[in-house]
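Tertiary structure, described
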Amino acid sequence: MVGFRVVPRFILAVIPIVGVPLSMMAQAPTGPTWDSYTRALPVIRQAIEASGGAERLSKLDDVSMTITGRMHMINQSLSPNGPLAIEQYNAKLLMDLRNNRSWRQQESRYPVDFVFGFQQVTKANEGFVIDLTLNNFGPEFIPLDKDGVATARARDAREIPLLLLRQASERVATLRSLGTRMEGDNKQEIIAFSQPDGTEVTLTFDGKTHLLAKVEILQDNGVNGDEVLSSGFSDYRPVNKILFPHRRIDSRNGTLFRELAYEVNLDMHPADALFDLPKGYVAPSTSAEKPAVELAHNVYRIQSNNSLAVLFKDYVFVVEAPNASRDSEAAIATIRSLAPGKPIRYLTVTHHHEDHAGGARPFMAIGATIVTTPGNRRFFQRIASASHTIRPDELTQKPRPPLIETFDKKRVFSDGEQTLELYSIGPNSHVNEMVLAYLPNQRLLYQGDALILPNSGHDIPKATRLTAEVATKIKELGLQPAIITDVHGRVATADDYRESLRKAGITPQF
Ligand SMILES: [Zn+2]
């Protein structure tokens, strides 16, 4: 023992090192991350093998798809209580893998006769979106930067299992196993990974075929709150020796959303010109936008979400709360800077659709009263009680019951100087209940979806059925609007409205 004590220091320092086996110095990874990763990796490899094999897939130049089917109009139907309207869904996708670019064309339809057409093109780090029907954002293209491209590609990949497998195999460090799940006698493997834009996806693989059966993401929705969007793939059939699904069923929190059929073509070798900006489209105007535009004395259009702030002596009345809490939080900040210290006491919406009412929660949180038609009471209660844990808002932090007042035909707010009239004008072809907000002193009308002027250019679109229906109501109520505004488009005049009617062969009545 004495001898041990006198062993020189440097020897002590050396002994443990030379004494440890090499395997201990470069230890193999262990632990939950590694376990999860190593369970997930073979699932991706098996799926690639089952789809056609890595070698065959690596020789693939491009994938073109035609997607057609039916869309169930969640938060876009006649009544907030259902049944859901059904619209046609049409999209064409082309993923040029060889040249790292993509092309997508899609038609969006809304009840009863709204048709919007969009085209999206992405290259390695840039891209654009254009309005093909020129009835939404007009002839100005929307540029996509690197992040915009990543988001667009991630969404496209969620529609094409092969692209998801490709992304997953390029991002293996983000792969995790979520275990298995029995579906009848089918032991499904469930894994997760993070797409290049940061979206976390959950993939479910069929235990027998090893093919991708389902992809899910979590998202926040203004009306429904926390939402699982799921796409189920089936009817896999070979196209040039690669298996592609030919059927897709989407659901949101279990409610049927889209029923789609795929038509797939491979290696079509698209011409370069397909990815060019089509003629007639111009760069977006770069004029700095003010946070609000005063349309008339004490009446402001909030530029971030096109809602309307009507300033009374003692309070502010807001018309329309589109999309989700984020949008209304920005609008409320702008309104507070316009009218410091004045409480926002009321909110009304033209109708219950998500793009008009989905942002109601921040108004509920600050104690504003929702003034609406009777059929929307339950709808707003549902919005108030929806769970928002993915993107918590003020109402999540401080829940309170919503203040809701309903009216039947007409409700007037006036302080002697400022007057706002609300008219219930439903039902029509778009919704069962609809409100017009009218400022008689300023002859300003706020309407929903009856007239949508594109946000750029000078085009006046042809009237839809709703344009004509609302025109009849304007005439019946004896309103004489000079300025007509809404949540979607640029500010219109009565002449613009009349021209839209004439384009559809309708003689204007007001
Ligand atoms: Zn609508």
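Rules behind the numbers
Residues numbered from 1 in each chain as written. Predicted model: local features only at pLDDT ≥ 70, side-chain atom pairs only at ≥ 80, totals over all residues. Heavy atoms only, no water. Pairing = 2+ DSSP bridges. Helix = DSSP H or I, 4+ residues; strand = E, 2+ residues; numbered from the N terminus. Salt bridge = Lys/Arg side-chain N within 4 Å of Asp/Glu carboxyl O. Buried < 20%, exposed > 50% of the residue type's maximum accessible area, 1.4 Å probe, protein only. Core = buried A, V, L, I, M, F, W, Y, C linked by side-chain atoms within 4.5 Å. Contact = heavy atoms within 4.5 Å. Phe/Tyr/Trp six-rings, centres within 6.5 Å; stacked < 30°, edge-to-face > 60°. Lys NZ or Arg CZ within 6 Å of the ring centre and 35° of its normal. Axes fitted to C-alpha atoms, helices over the stretch in contact; angles between N-to-C directions. Parallel < 35°, antiparallel > 145°, perpendicular 65-115°, else oblique. Left-handed = near helix turned anticlockwise from the far one by under 90°. Nonpolar A, V, L, I, M, F, W, Y, C, P; charged D, E, K, R; others polar. Domains from an automatic or database assignment. Buried area = accessible area lost by both parts, 1.4 Å probe. Expected span 1.5 Å × (residues − 1). Patch = residues over 30% accessible without salt bridge, like charges linked within 9 Å, V, L, I, M, F, W, Y side chains within 5 Å. Areas by Shrake-Rupley, 256 points an atom, 1.4 Å probe, with all protein chains shown as cover.

A few points about the sheet that holds strand E26 (residues 444-446)
Through backbone hydrogen bonds, the strands of a sheet pair up, either in parallel or in antiparallel fashion. Pairing is mixed in the open sheet, where 6 strands are placed in the order E23-E24-E25-E26-E27-E28. Strands at the two margins of the open sheet, each flanked by one partner only, are strand E23 (410-414) and strand E28 (492-493). In this sheet, E28 lies alongside strand E27 (residues 483-485) in antiparallel orientation, the contact comprising 2 bridges. Among the inter-strand pairings, Ile-483 is bridged to a residue of E28, identified as Thr-493.

Structural notes on the pattern of salt bridges
Pairs may arise between side chains of opposite charge once their charged atoms sit close together. Taken as a whole, this structure holds 23 salt bridges when the rule is applied. With a closest N to O distance of 2.8 Å, Arg-104 and Glu-159 form a salt bridge. Note that Arg-104 is positioned in strand E3 (residues 101-110) and Glu-159 in the loop between helix H6 (146-157) and helix H7 (161-170), a separation of 55 residues in sequence. As far as burial versus exposure is concerned, Arg-104 and Glu-159 are alike and both buried. One salt bridge in this structure joins Glu-476 and Lys-473, with 3.8 Å as the shortest N-O distance. Of this pair, Glu-476 and Lys-473 are both found in helix H13 (residues 465-477), 3 residues apart, which corresponds to roughly one turn of the helix. In this structure Glu-476 comes out as exposed when scored by relative accessible area, which is 57%. Of the residues examined, Lys-473 reaches a relative accessible area of 26% and is grouped as partly exposed. Each of Arg-104, Asp-156, Glu-159, Arg-248, Asp-250 and Arg-258 takes part in one network of salt bridges that share partners.

What to know about the nonpolar core
Residues Ile-44, Leu-175, Leu-203, Phe-205 and Phe-244 are the most contacted members of the largest nonpolar core, which totals 48 residues. Among the elements that make up this core, the one with the highest residue count is helix H4 (residues 32-51) (7 residues). With residues near it in sequence (within four places) discarded, Phe-244 still touches Val-63, Ile-160, Leu-162, Asp-235, Tyr-236, Arg-237, Val-239, Val-264 and Leu-266. Core analysis: the next-biggest nonpolar cluster, separate from the first, contains 32 residues, Val-129, Leu-144, Val-431 and Tyr-438 among them.

Digging into the packing of aromatic side chains
The geometry of an aromatic ring pair comes down to the distance between the two centres and the angle between the two planes. Scanning all chains against the criterion turns up 12 aromatic pairs. Seen in terms of ring centroids, Phe-114 and Phe-116 are 6.5 Å apart; in terms of plane orientation they differ by 20°. Their pairing is stacked. For Phe-114, a relative accessible area of 8% gives the class buried. Centroid distance Phe-379 to Phe-380: 5.2 Å. Interplanar angle 70°. Geometry classified as edge-to-face. Geometry around Phe-257 places Arg-252 over its ring, the cationic atom sitting 4.8 Å from the centre.

Some remarks on the pairing of strand E20 (residues 344-348)
Judged by how many residues are buried, E20 sits mostly within the fold: 4 of 5 residues are covered. Bridge analysis of strand E19 (residues 316-319) against E20 gives 4 bridges, and the strand direction is parallel. Counterpart to Val-319 in the pairing with E20 is Thr-348. By the bridge criterion, 2 bridges tie E20 to strand E21 (residues 369-372) in an arrangement that is parallel. Note that in E21 the partner of Tyr-346 across the bridge is Thr-369.

Side note on the packing of H4 against H7
The interhelical angle for the contact between H4 and H7, taken along N-to-C directions, is 140°, at an axis separation of 10 Å. Considered as vectors, H4 and H7 are oriented oblique to each other. By crossing handedness, the relation of H4 to H7 is classed as left-handed. Residues Ile-44, Ala-47, Ile-48 and Ser-51 of H4 touch H7, and the partners they reach there are Leu-162, Leu-165, Ala-168 and Ser-169. Per-class residue counts for the contact of H4 with H7 are 6 nonpolar, 2 polar and no charged.

Re the domain arrangement of the protein chain
Assigned domains of the protein chain: these are domain 1 (32-174 + 234-275) and domain 2 (292-503). Computed over C-alpha atoms only, the centres of domain 1 and domain 2 are separated by 34 Å. Taken together, the 21 residues of domain 1 in the interface contact 26 residues of domain 2. Taken over both partners, the interface formed by domain 1 and domain 2 buries close to 1900 Å², and the fraction arising from carbon and sulfur atoms is 50%.

Focus: the packing of H13 against helix H14 (residues 494-503)
Where H13 contacts H14, the two axes come as close as 10 Å, and the packing angle between them is 130°. Classed by the angle they form, the pair H13 and H14 counts as oblique. The crossing of H13 and H14 is left-handed. Contacts between H13 and H14 pair Leu-466, Thr-467, Ala-468, Val-470, Ala-471 and Ile-474 from the former with Tyr-497, Ser-500 and Leu-501 from the latter. Grouping the constituent residues of the contact of H13 with H14 by class yields 7 nonpolar, 2 polar and no charged.

Remarks on H13
The end-to-end C-alpha distance of H13 is 19 Å, a good match for the 18 Å that 13 residues give at a rise of 1.5 Å each. Residues Leu-466, Thr-467, Ala-468, Val-470, Ala-471 and Ile-474 constitute the buried set of H13. Against strand E4 (114-122), strand E25 (435-439), E26 and H14 lie the buried residues of H13. Just beyond H13, the residue with positive phi is Gly-478, at close to 70°.

Remarks on a nonpolar patch on the surface
A cluster of nonpolar side chains, namely Leu-218, Val-228 and Ile-390, defines an oily patch on the protein surface of about 240 Å² accessible area. Among the secondary structure elements, Leu-218 is positioned in strand E10 (residues 212-221).

Concerning the sheet that holds E21
Strand order across the open sheet formed by 7 strands is E16-E17-E18-E19-E20-E21-E22, with mixed pairing between neighbours. Since the sheet does not close on itself, it has two edges, and those belong to strand E16 (292-296) and strand E22 (403-406), each with one partner. With direction set aside, neighbouring strand axes in the sheet form an average angle of 25°. As judged from the 4 bridges shared by strand E18 (residues 307-311) and E19, these two strands associate in the antiparallel manner. Bridging across to E19, Ala-309 finds its partner in Val-318.

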